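Here's the letter readout for the chains.
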Amino acid sequence: MTANDVSAKQIEAFQRFLRMLPHGKDQHLVVLKGHLLIEEQVRQIVDERLKNPDALIDTRIDCYQAICLAQAFFPPDFQPWLWAALKKLNTIRNDIAHKVEAKGLSDKIKDFVTSFPSGFADAPTDADSFELTLWSLFVAVSDLVETPSAQVIELVPRYEP
């Protein structure tokens with residue numbers, strides 16, 4: 001991707017991400033906010049590819065399901081590291097949100113950082129590595145939001161009546 005490939009909408013989304021992400025603050029808050037901001041982009045990928053996204057408003061699709069649905073719009077071999085990282089971040093977020101004391105959180109965060117090809121695993125601190133990896137993940141996901149060549153999958157009935 002070059003600077004010419006970046007749209008004004010993507011720049012605006014990333015600026016919002018940077019404003020909203022609590023840089024250098026409590027790691028739990030960084031996880032929760034980062035996850036939420038990235039989830040918005042995942043849901044945008046889904047919404048822009050559906051003919052009637054409003055039909056899903058009341059379905060309460062959780063983030064994991066939204067990630068899987070977004071992934072389903074792309075070929076099976078399309079950026080497998082991206083979908084794996086999104087699912088790992090979702091697991092980390094769920095651990096923080098649903099457990100008073102999330103065990104192994106540091107190890108899960110390190111696994112998330114090292115599994116994503118951001119190149120920030122060697123940042124000065126673990127917190128920096130994590131935040132910079134979140135930045136990279138956000139950019140990778142938001143890049144798919146406006147990908148004009150992304151194919152819309154046509155739903156075909158599996159069973160004939």
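Cut-offs used in this document
- Each chain carries its own residue numbering, running from 1 in the written order of its sequence.
- Reporting in this predicted model follows two pLDDT cut-offs: at least 70 for local features of residues, and 80 or more for side-chain atom pairs to be given and counted; totals over whole chains, interfaces and linings ignore these cut-offs and use all residues.
- To get the side-chain values, all heavy atoms of the structure are used, and hydrogens and water are removed first.
- To qualify as a helix, a DSSP run of H or I must reach at least 4 residues; to qualify as a strand, a run of E must reach at least 2; elements of each kind are numbered from the N terminus.
- Only protein chains enter the accessibility calculation, which uses a 1.4 Å probe; a residue whose area is less than 20% of its type maximum is buried, one above 50% is exposed, and one in between is partly exposed.
- Between two residues, a contact is recorded if the distance between any of their heavy atoms is within 4.5 Å.
- A fitted line through C-alpha atoms represents every axis, and for helices the fit uses only the stretch in contact; the resulting angles, taken between N-to-C directions, go from 0 to 180 degrees.
- Any angle between 65 and 115 degrees counts as roughly perpendicular, while under 35 counts as roughly parallel, over 145 as roughly antiparallel, and the rest as oblique.
- Residues are sorted three ways: Asp, Glu, Lys and Arg are charged, Ala, Val, Leu, Ile, Met, Phe, Trp, Tyr, Cys and Pro are nonpolar, and all the rest, Gly among them, are polar.
- The pLDDT score gives, residue by residue, the confidence of the prediction method on a 0 to 100 scale.
- Salt bridges are defined as contacts in which a side-chain nitrogen from Lys or Arg sits within 4 Å of a carboxyl oxygen from Asp or Glu.
- Think of a 1 Å grid over the protein atoms and nothing else: a 1.4 Å probe that fits but is trapped marks a cavity, an open set flanked by protein within 12 Å on at least five of seven lines marks a pocket, and residues with an atom within 4 Å of a point count as lining.
- Grid points are joined across faces, edges and corners, and a volume is the space filled by probe spheres set on the points.
- Each pair of aromatic rings taken from Phe, Tyr and Trp, with Trp reduced to its six-membered ring, is defined by centres within 6.5 Å and is described as stacked if the planes are under 30 degrees apart, edge-to-face if over 60, and tilted in the remaining cases.

Describing the overall build of the chain
The helix and strand tally for the chain stands at six helices and zero strands. Its helices and strands taken in sequence order, the chain reads α-α-α-α-α-α from the N to the C terminus. Going through the 161 residues of the chain one by one, you find that 33% of them count as buried. In the chain, the proportion of contacts linking residues at least 24 apart, taken out of those at least 6 apart, comes to 62%.

Details of the packing of helix α3 (residues 63–71) against helix α4 (residues 80–98)
Remark: α3 packs on α4, axes separated minimally by 10 Å, with the N-to-C direction vectors making an angle of 175°. Relative to α4, the element α3 is oriented roughly antiparallel. Mapping the contact onto sequence places Cys63, Tyr64, Ile67, Cys68, Ala70 and Gln71 in α3 and Trp83, Leu86, Lys87 and Asn90 in α4. For the contact of α3 with α4, the class distribution of residues is seven nonpolar, two polar and one charged.

Side note on the confidence of the model for the chain
In this model, the chain carries an average pLDDT of 86, and 88% of its residues clear a pLDDT of 70 or more. Mean pLDDT across the secondary structure elements of the chain bottoms out at helix α1 (residues 8–20), with 86, and peaks at α3, with 97. Across residues 149–161 the pLDDT falls below 50, and counting only partners more than four positions away or on other chains, this stretch makes six contacts in the model.

Some remarks on the pattern of salt bridges
Counted by the stated rule, this structure contains seven salt bridges. Salt-bridge contacts for glutamate 39 lead to arginine 43; the nearest nitrogen and oxygen are separated by 2.8 Å. With a gap of four residues between them, glutamate 39 and arginine 43 both fall in helix α2 (residues 27–49), about one helical turn apart. Under the relative-accessibility criterion, glutamate 39 is labelled buried at 14%. Residues lysine 108 and aspartate 95 are paired through a salt bridge, measuring 2.4 Å at the closest nitrogen-oxygen approach. With lysine 108 in helix α5 (residues 105–115) and aspartate 95 in helix α4, this pair connects stretches of sequence that are 13 residues apart. Residue lysine 108 is classed as partly exposed on the basis of its relative accessible area of 29%. Salt bridges linked by common partners bring Asp95, Lys99 and Lys108 together as one network.

Quick notes on empty space enclosed by the protein
Taken as a whole and judged by the stated rule, the model has one cavity of 30 Å³ or more. Around the largest cavity sit His35, Ile38, Glu39, Val42, Cys63, Ile67, Leu86 and Leu89, which together line it. Counting residues per element, the ones that place at least two in the lining of the largest cavity are α2, α3 and α4. Take the lining of the largest cavity: its biggest share by element is four residues, from α2. Along the lines of polarity and charge, the residues of the lining of the largest cavity split into six nonpolar, one polar and one charged.

Description of the packing of aromatic side chains
What the rule picks out here adds up to eight aromatic pairs. Considering the side-chain rings of phenylalanine 14 and phenylalanine 17, the 6.0 Å spacing of their centres and the 20° angle between planes classify their relative orientation as stacked. Residue phenylalanine 14 and its partner phenylalanine 17 are both found in helix α1; the two are separated by three residues, about one turn of the helix. Note on tryptophan 81 and phenylalanine 116: the rings are 5.4 Å apart at their centroids and 75° apart in plane angle, and the pair reads as edge-to-face. You can see tryptophan 81 sitting in helix α4 and its partner phenylalanine 116 sitting in the loop between α5 and α6 (126–145), a full 35 residues away along the chain. In this structure tryptophan 81 comes out as partly exposed when scored by relative accessible area, which is 31%. Among the aromatic residues, those joined into a cluster by ring pairs are Phe14, Phe17, Trp135 and Phe138.

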